[in-house]
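# Examination of the molecular architecture
Below are the chains, spelled out letter by letter.
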Amino acid sequence: MAVRKTGIGRGSIPHQEDEKVITLFGITDYLAIQELVHRYPRLLDGGDLIGLGNLFAHAAVHLETLDEPIICDPAAITTMFADFLRLYNGIPRTRHLIVNLIVKPESAVLARATSTVLVVQQTPDFPLQPIITGDYRDRFEKVDGDWRFCERFITNDLFGDLSAHGKYEFGG
């Protein structure tokens, strides 16, 4: 929130425009967006790749490994993850830990968020260890009273042993 100084020792007060956005964007909005951000790893770690695709049904998804984003195509998201991930009895045996979530309202029906992800993995032949970290930059829209993703950028920056995670190499 932008602040305007009112003088030494008097603190700060919000600009009137920012007050209006904050008033229209409440805790229930924040919690709905937080739930969307955290639903992604629950679906992914649980092996629900169809649910994962549906989560981005109205979104453009940008990945460093793709020249163009996948736009509003749940089946393409599902296929992309199914083609890449190694599954063990239907699950990737990972935990995507989302931290440092920052949600910034833009209006009563638009918001942005950033977060960091740390992925750990363990399989029968692979000891528990961190395998990759990255960042998510998201945009959300509220339609008919419900929040949904409208854009996600996925970037990765630190790479460990991904041999048990994917069917092909990337990053590092």
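Residues numbered from 1 in each chain as written. Predicted model: local features only at pLDDT ≥ 70, side-chain atom pairs only at ≥ 80, totals over all residues. Heavy atoms only, no water.

Okay, the environment of E141 next. Along the chain, E141 falls in strand β7 (residues 126-143). Among the residues examined, E141 registers a relative accessible area of 22% and is labelled partly exposed. Between the C-alpha atom of E141 and that of A59, which follows or precedes it by 82 residues, the distance is 9.8 Å. Setting aside chain neighbours within four positions, we find E141 in contact with H58, V109, L110, D146, W147, R148 and C150. (Helix = DSSP H or I, 4+ residues; strand = E, 2+ residues; numbered from the N terminus. Buried < 20%, exposed > 50% of the residue type's maximum accessible area, 1.4 Å probe, protein only. Contact = heavy atoms within 4.5 Å.)

Our next topic: the pairing of strand β8 (residues 146-159). Note that strand β3 (residues 60-63) and β8 share 4 bridges and pair parallel. The partner of V61 across the bridge, within β8, is R152. Note that β7 and β8 share 12 bridges and pair antiparallel. By the bridge assignment for β8, D135 is matched with T155. (Pairing = 2+ DSSP bridges.)

The subject of this paragraph is the sheet that holds β7. Across the sheet, which stays open at both edges, the 6 strands sit in the order β4-β3-β8-β7-β6-β5 with mixed pairing between neighbours. This sheet does not close on itself; its edge strands, each paired only once, are β4 (70-71) and β5 (94-105).

Right, let's get into the confidence of the model for the chain. Any region with low pLDDT has predicted coordinates that should not be read closely. Per-residue pLDDT for the chain has a mean of 89; in total, 85% of the residues score no lower than 70. Throughout residues 1-15 the model reports pLDDT below 50, and contacts reaching past four residues in sequence, or to other chains, amount to 18 contacts. (pLDDT = per-residue confidence, 0-100.)

Let us look at unusual backbone geometry. One non-glycine residue with positive phi stands out, namely C72, at about 50°. With respect to the secondary-structure elements, C72 resides in the loop between β4 and α4 (74-84). Even without being glycine, N89 reaches a positive phi, approximately 55°. Structurally, N89 can be placed in the loop between α4 and β5.

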